[in-house]
Each structure stands twice: as C-alpha cells, then as structure tokens.
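Residues per chain are reported as follows:
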Amino acid sequence: MAQLMLQKRSALNESLERDLHKVEHSALILTGMINDVLDVTRLEEGNMPLEQDTVDIRRVAETAVASLGGLGHDRDFAVTLPPQEAPVRADADIIRRVIVNFLANAFKYVPPEKEIRLAVSADDERVRVEVRDRGPGIPREYHAGIFNKFARSEAAAAGHKLSTGLGLTFCKLAVEAHGGRIGLESEEGHGSTFWFELPRTM
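Parameters and conventions
Along every chain, residues carry numbers that run from 1 in the direction the sequence is written. For this predicted model, a pLDDT threshold of at least 70 governs which residues receive local features, and a threshold of 80 or more governs which side-chain atom pairs are given and counted, while totals over whole chains, interfaces and linings are taken from all residues. To get the side-chain values, take all heavy atoms of the structure and skip hydrogens and water. Salt bridge criterion: a side-chain nitrogen from Lys or Arg within 4 Å of a carboxyl oxygen from Asp or Glu. The numbering of helices and of strands both runs from the N terminus, where a helix is a DSSP run of H or I of at least 4 residues and a strand a run of E of at least 2. Type-normalised accessible area, obtained with a 1.4 Å probe on protein chains alone, sets the label of each residue: buried when under 20%, exposed when over 50%, and partly exposed for intermediate values. The pLDDT value tells you how sure the predictor is about a given residue, anywhere from 0 up to 100. For this analysis, residues touch if any pair of their heavy atoms sits within 4.5 Å. Only when DSSP finds a minimum of two bridges between them are two strands counted as paired. With axes taken as lines fitted to C-alpha atoms, and helix axes fitted only over the stretch in contact, angles between N-to-C directions fall between 0 and 180 degrees. In plain words, nonpolar cores are sets of buried Ala, Val, Leu, Ile, Met, Phe, Trp, Tyr and Cys residues tied together by side-chain atoms within 4.5 Å. Between rings of Phe, Tyr and Trp, where Trp is taken as its six-membered ring, a pair exists when centres lie within 6.5 Å; planes separated by under 30 degrees are stacked, by over 60 edge-to-face, and by other angles tilted. Here, a charge over a ring is recorded when the distance from Lys NZ or Arg CZ to the ring centre is within 6 Å and its angle to the ring normal is within 35 degrees.

## Things to note about the pattern of salt bridges
Logical step 1: Summed over the entire model, instances satisfying the criterion amount to 20 salt bridges.
Logical step 2: The shortest N-O distance in the salt bridge between Glu 14 and Arg 18 comes to 3.9 Å. In this pair, Glu 14 and Arg 18 both sit in helix H2 (residues 14-44), 4 residues apart, roughly one turn of the helix.
Logical step 3: Under the relative-accessibility criterion, Glu 14 is labelled exposed at 64%.
Logical step 4: Residue class for Arg 18 comes out partly exposed when judged on its relative accessible area of 42%.
Logical step 5: Close ionic contact of Glu 185 with Arg 128 constitutes a salt bridge, the shortest N to O distance being 3.6 Å. Placement of the pair is Glu 185 in strand E6 (residues 181-186) and Arg 128 in strand E5 (residues 126-133), with a sequence separation of 57 residues.
Logical step 6: With a relative accessible area of 45%, Glu 185 lands in the partly exposed category.

## Quick look at the confidence of the model for the protein
The predicted coordinates of low-pLDDT regions are not to be read in fine detail.
Logical step 1: Per-residue confidence for the protein averages 84 on the pLDDT scale, and 90% of its residues sit at or above 70.
Logical step 2: Counting contacts from residues 153-164, a segment whose pLDDT is below 50, to residues more than four positions away or on other chains yields 24 contacts.

## A closer look at the sheet that holds E5
Logical step 1: In space, the 5 strands of this open sheet follow the order E2-E4-E5-E7-E6, with mixed pairing throughout. At either margin of the open sheet sits one strand with a lone partner, and together these are strand E2 (77-80) and E6. Strand-to-strand twist of the sheet, defined as the mean angle between neighbouring strand axes without regard to direction, takes the value 10 degrees.
Logical step 2: Note: E6 against strand E7 (residues 192-199), 6 bridges, orientation antiparallel. Note on E7: the bridge partner recorded for Gly 183 is Trp 195.
Logical step 3: Against the sheet, helix H3 (residues 57-67) engages E2, strand E4 (116-122) and E5, with an angle of about 165 degrees to E4.

## As for the nonpolar core
Logical step 1: Membership of the largest hydrophobic core comes to 43 residues, with the highest contact counts inside it found for Ile 57, Ile 99, Phe 102 and Phe 196.
Logical step 2: The element that contributes the greatest number of residues to this core is helix H4 (residues 92-109), accounting for 9 residues.
Logical step 3: Among residues more than four places away in sequence, those in contact with Phe 102 are Val 131, Leu 168, Cys 171, Ile 182, Phe 194, Trp 195 and Phe 196.

## Considering the packing of aromatic side chains
Logical step 1: Applying the stated rule across the entire model yields 4 aromatic pairs.
Logical step 2: Here the aromatic rings of Phe 77 and Phe 107 are separated by 5.1 Å at their centres, their planes lie at 75 degrees, and the arrangement is edge-to-face. Residue Phe 77 is located in strand E2, and its partner Phe 107 is located in helix H4; the two are separated by 30 residues in the primary sequence.
Logical step 3: Judged by relative accessible area, Phe 107 falls into the buried class, the value being 8%.
Logical step 4: Three or more aromatic residues joined by ring pairs make a cluster, and in this case those are Phe 102, Phe 147, Phe 194 and Phe 196.
Logical step 5: One residue, Arg 128, lies across the ring of Trp 195, its end atom 4.4 Å from the ring centre.

This is how it looks when you write it as structure tokens:
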C-alpha cells in the first residue's frame, strides 16, 4: 500500500512522503525476515528445491555485486576473479544470495573507510568465495555459533554488533545443500573473512 501511495508523489507533501518511505522500508525488512524464516525451515527439512546447473562462479559473483546497486561505490571495495572459467554445479540464484548476504553484512557493519574485498579463486577440485574486510572483527567466543539461528540476538545481548540473525544460517544450509563448506576467520580489531567452497565441475 505504501508503494501504491508513493506512485502519486505529486499529491503528497514532503513529510508524508518521508513517512511512507519509512513504512515501505519497514515492510520490506519484515518481508525479508519472513522469507528468511521460511527458507531456513525449508533447507533444514530438505524441502528447498535446488535448480542446479553448471554455472561459472565468476558470473554468479558479478551478478551478486550488480544486485547491490551502488552500495559499494563510495567504499574501499574491490572484486578479484580468476582469469579462467570456474564451473560449479549449483543453483545460481541461491549461491548469489549467499554472496549478497556476505557483502551486505560487510557494507552494513564495516566502517566506510575500511576495505572490503570479494575474492573468487579456484583449483582443480574446488572454488572458493571470500568476503574479507578490515572492520572491527568478531570476538572468538562467537565464532563457533556464528551460523546458528538468532546468533545476532545472542551477541547483541552481550553488547556486540554482529551481522547475522537468520541470514548466515541460510548461507550455511544453502552451501551445505550443494555439498560445500562454509566458515569464518576473524580476529577482534583486525577484520573478518567469511568464505565458502563448492566442488568444482571439471
């Protein structure tokens, strides 16, 4: 309804338009939370359909960056891709969402002046995707449970801002459903690296 009303901007005063944007933003956040709950539940129960095909992980990474629009334009952000095709058997949209989640968390929680890097690499057996940052890092006591459901709530209660609620749980389940691995390397005060690996298709 907020979006429909915003289509008639000429009839809105500035204050009402600003309030409608807030309503729209809140509704989108809530919709995202509901979708996260549904997707995590489907993955946990093995009911998430995966439309797998042989895809080049480089193209998936490029699509993920493009879907974030200009989010990285005014940031110290760079992307490194291998020179050769890196094929994997995957649902491209699901893996794109994993990369988007990693990047969105970095852009949200890393100060603007700190660097963020998306790096894709490949060897004969696997491909690896990393999002590295020079942000505040994550305390070691939260590493083991970082991909658990509602880890963000637990960390917030202890006074730390972490970048996960259900999003990283979705990432873990999605990567594992593809036969891959996922992990975190982080030192408080020295940044974080979220990564995942998928089997390479020869």
